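# Working through the structure, step by step
The chain contents come next:
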Amino acid sequence: MNNHTGLYPQLPTVTTSQNLVSHAGLSTLTSLLNSLGFRQLAEDRLGQFVPATATHRPGKMISDLVLTLAAGGEHVTDTDQLRLAQSVFGPVASESTFSRFFTRLAAHPGAFDYAFATMQREVRSRLWAAAGRRSPAVRATRANPLILDIDASLVHVHSDKEGAKGTYKRGYGFAPMIAMADYGQGHGTGEVLAVRMRPGNKGANSAADHISILAEALAQLPDDFYDQDGCLIGEKILVRTDSAGASREFLHLLHALGLQFSTSYALPVINERFIGWINEKKYWEPALTANGQQREDAWVIDATKILGLKGYPPSTRIYLRAEPLHPGAKASLFDTDGNRVTAFLTNAPRFDPAFLDVRHRARGRCENRIKSLKAAGLGKLPFFAFGANQAWANLAMFALNLVTWLQLAVLPAEHATVSWDLKRWRYRVWALAGKLVTGSRRPRILVNQDAPEAGLVLLLQERISRLAGRWPDGHLAA
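All residue numbers here refer to positions counted from 1 along the written sequence of the relevant chain. Side-chain atom pairs in this predicted model are given and counted only at pLDDT of 80 or more, local residue features only at pLDDT of at least 70, and totals for whole chains, interfaces and linings cover all residues. To get the side-chain values, all heavy atoms of the structure are used, and hydrogens and water are removed first.

Going by an unreviewed UniProt entry, the chain carries the name Transposase DDE domain-containing protein and comes from Glutamicibacter protophormiae.

Bringing the overall build of the chain into the picture now. When you go through the chain residue by residue, the secondary structure sums to 17 helices and 15 strands. Only the C-alpha atoms count toward the radius of gyration. The rule for a globule is 2.2 Å times the residue count to the power 0.38. At 25 Å, the chain has a C-alpha radius of gyration in line with the 23 Å of a compact globule built from 478 residues. Expressed as lengths along the three principal axes of its C-alpha atoms, the size of the chain is roughly 80 × 75 × 50 Å. A 1.4 Å probe rolled over the protein chains alone gives each residue an accessible area, and that area as a share of the maximum for its type sets the label: buried under 20%, exposed over 50%, partly exposed in between. The buried share of the chain, taken over its 478 residues, is 49%. Runs of H or I in DSSP of at least four residues are treated as helices and runs of E of at least two as strands, each being numbered from the N terminus.

A few words now on the packing of aromatic side chains. Aromatic rings from Phe, Tyr and Trp, with only the six-membered ring used for Trp, were paired whenever their centres fell within 6.5 Å, and each pair was classed as stacked if the ring planes differed by under 30 degrees, edge-to-face if by over 60, and tilted otherwise. One pass over the full model with this rule turns up 14 aromatic pairs. With a centroid separation of 6.0 Å and 50° between ring planes, the pair formed by Phe174 and Phe386 is classed as tilted. Placement of the pair is Phe174 in strand 5 (residues 172-174) and Phe386 in helix 15 (residues 386-409), with a sequence separation of 212 residues. With a relative accessible area of 0%, Phe174 lands in the buried category. With centroids separated by 5.2 Å and ring planes inclined at 25°, the aromatic side chains of Trp425 and Trp430 adopt a geometry described as stacked. Through pairs of rings, three or more aromatic residues link up here, namely Phe38, Phe49, Phe112, Phe116, Phe398 and Trp405. A ring has a charge above it when a Lys NZ or an Arg CZ is no more than 6 Å from the ring centre and no more than 35 degrees off the ring normal. Note that Lys236 overlies the ring of Phe225, its terminal NZ or CZ placed 5.2 Å from the centroid.

Burial runs high along strand 12 (residues 317-324): 7 of the 8 residues are buried. At least two bridges found by DSSP between two strands is the condition for calling them paired. Bridge count for strand 12 against strand 13 (residues 339-346) is 8 bridges, and the pairing is antiparallel. Along strand 13, the bridge assignment pairs Glu323 with Arg340.

In this section: the sheet that holds strand 13. What the 9 strands build is an open sheet, ordered 7-6-2-8-9-13-12-11-10; its pairing is mixed. With one partner strand each, in any of the chains shown, strand 7 (190-196) and strand 10 (285-288) form the two edges of the open sheet. The sheet shows a mean angle of 30° between the axes of neighbouring strands, taken without regard to direction. The pairing of strand 6 (residues 177-182) with strand 7 spans 6 bridges and is antiparallel. Note that in strand 7 the partner of Met177 across the bridge is Arg196. Along the sheet, helix 14 (residues 365-378) contacts strand 2 (146-152), strand 6 and strand 7; its crossing angle with strand 6, the most-contacted strand, is approximately 120°. The convention used is that axes are lines fitted to C-alpha atoms, helices contributing only their stretch in contact, and that angles between N-to-C directions extend from 0 to 180 degrees. Throughout, a residue-residue contact means that at least one pair of heavy atoms, one from each residue, lies within 4.5 Å.

This part is about the environment of Trp392. You can see Trp392 is positioned in helix 15. For Trp392 and Lys380, which are 12 residues apart along the polypeptide, the C-alpha to C-alpha distance reads 9.5 Å. Leaving out residues up to four positions away in the same chain, Trp392 has contacts with Leu65, Leu69, Glu74, His75, Val76, Phe102, Gly377, Lys380, Leu381, Pro382 and Phe383.

Take unusual backbone geometry next. The phi dihedral of His23 is positive, around 55°, even though this residue is not glycine. Residue placement: His23 occurs in the loop between strand 1 (20-21) and helix 1 (27-35). Of note in the backbone geometry, Ser315 takes a positive phi value of approximately 70° without being a glycine. If you trace the backbone, Ser315 turns up in the loop between helix 12 (304-307) and strand 12.

Take the environment of Leu381 next. With respect to the helices and strands, Leu381 occurs in the loop between helix 14 and helix 15. A residue is classified by how much of its surface remains accessible, and Leu381, at 4% relative accessible area, is buried. Not counting chain neighbours up to four residues away, the residues in contact with Leu381 comprise Val155, Lys161, Phe174, Met197, Asn389 and Trp392.

Below, the discussion takes up the sheet that holds strand 3 (residues 155-156). Pairing in this open sheet of 3 strands is antiparallel, and the strands run 3-5-4 from one edge to the other. At either margin of the open sheet sits one strand with a lone partner, and together these are strand 3 and strand 4 (165-166). With 2 bridges joining them, strand 3 and strand 5 adopt antiparallel strand pairing. Looking at strand 5, one finds that Val155 is bridged to Phe174.

Between its terminal C-alpha atoms helix 3 (residues 58-71) stretches 20 Å, which fits the 20 Å expected from 14 residues at 1.5 Å a residue. Counting buried positions along helix 3 gives 13 out of 14 residues, so the element sits mostly inside the fold. Directly after helix 3, the chain includes Gly72, whose backbone phi takes a positive value near 115°. A helix is expected to span 1.5 Å for every residue after the first.

On to helix 14, then. Between its terminal C-alpha atoms helix 14 stretches 18 Å, which fits the 20 Å expected from 14 residues at 1.5 Å a residue. Within helix 14, the full set of buried residues consists of Arg365, Cys366, Arg369, Ile370, Ser372, Leu373, Ala376, Gly377 and Leu378. Projected down its long axis, helix 14 shows its buried positions confined to an angular sector of 165°, all on one face. Along the arc lie the directions from the helix axis toward the C-beta atoms.

In terms of nonpolar packing, the biggest core is built from 125 residues, with Phe102, Trp128, Leu373, Leu378, Leu406, Trp425 and Trp430 touching the most fellow members. Broken down by element, this core gets its largest block of residues, 16 residues, from helix 15. Once you skip the residues sitting within four places of it in the chain, Leu373 turns out to touch Ile178, Val192, Val195, Leu378, Ala396, Met397 and Leu400. In plain words, nonpolar cores are sets of buried Ala, Val, Leu, Ile, Met, Phe, Trp, Tyr and Cys residues tied together by side-chain atoms within 4.5 Å.

Mapping Arg317 onto the fold places it in strand 12. The charged side chain of Arg317 is buried without a salt bridge, its nearest counter-charge being Asp302 at 4.3 Å. There is a polar contact of 2.9 Å between the side chain of Arg317 and the backbone oxygen of Ala348. We define a polar contact as two N or O atoms separated by no more than 3.5 Å, with the added condition that, inside protein, one atom must be a possible hydrogen donor and the other a possible acceptor, whereas residues neighbouring each other in sequence contribute only through side-chain atom pairs. A polar contact of 2.8 Å, which involves the side chain of Arg317, links it to the backbone oxygen of Arg350. Neither His nor the chain ends is counted toward charge; the positive residues are Lys and Arg and the negative residues Asp and Glu. By definition, a salt bridge exists where a carboxyl oxygen of Asp or Glu is found within 4 Å of a side-chain nitrogen of Lys or Arg.

What follows covers the pattern of salt bridges. Under the definition given, this model contains 24 salt bridges. The salt bridge involving Glu74 is made with Lys380; its shortest N-O contact spans 3.3 Å. In this pair, Glu74 sits in the loop between helix 3 and helix 4 (80-83) while Lys380 sits in the loop between helix 14 and helix 15, placing the two residues 306 residues apart along the sequence. Overall, the relative accessible area of 41% leaves Lys380 in the partly exposed class.

Here's what the structure looks like:
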């Protein structure tokens, strides 16, 4: 007789009335929101969007949507996962209540955008202050400024939504412009400051859109970036973009605001003598890796005096980088010696070409943040109305930021999870299962002590409780 053994145990599935909780790990985010006094903060800013007598208040509805997005939900209907565990997540509004809420937001998009922006700025200010010396505002200096990345992306949709247009990739959807703060190498990930929805046929190289999203991003920065007279301290900020942000109009605005910039630059066609000079690598210096190690197959150089720049702000310099062509890449006019030559512009007060090159190439980190933002909800816009989808994009931004703030202000700086992305938090922490029990008249969530991240959940709860004690009246105590 042969016994056939399957890959996994064949267990029967039955139902139970026990208080089992899926996504028990989300209790860390609920604790963080409670410690911030988020209910009252949201009521002050967003109370106008619900009737005064309504049972479900805006703070709770926004929190439920943010938790749903952080856990992997894609639609308002996914809040039913929270509704099943009201002992943990409290009363959750019905789908029709959420629908009426978004209808009101879509009817007054400008008012909601402003109210939401001021609310998010207050939350950011509190948590950056709680981060102490790790705060991006504290670490920002003229030599090592806070980096703001600006980039556009495409969000494809499969139905006719308001504002959706054909894209340059022959798709259909939206082209949101996104502004992000980069914490820098070795300091975790970063966060999103502003998201502005745009029709899919909007170009990425619009100076007006860059100026608009920059204004929204600067308005999100805490008071540490402004002097006593309310003027922006521009030298503590560097704006980094791809070549779409290299327009003279945008760079002149950055110069007028006193901001530093580092932007990719599309090299114009140059004559043969310049190409010959580029081939002479004896004038160049070796490039560095992201870890500061010297590379033998890449070079950088300050080419301002050779190429020259006309119409750009004073103190703008151009740097070139040469590295071997990738396999299969087609050589351009500049790539005559088997190397791809790229350029970027900057007005930074530092003049070390290798350092400036490393800092500019780190712009690739913003692509990971955009990917996480799409995973948090931006990638699947559920409404027809443009204003409602803009509100959804704001909630996706807040969901991603809430996880980032948890890493910044709650976790120890040396903890391995400070660099985790959203998807890993979902799989390792938010999806942790639990069981609700009551002992000594106090409800508790039991989690498996052998679960890999059970210790992390306990650590987060302990540190959040300690942090909540420093906010007795909404102001951080020492």
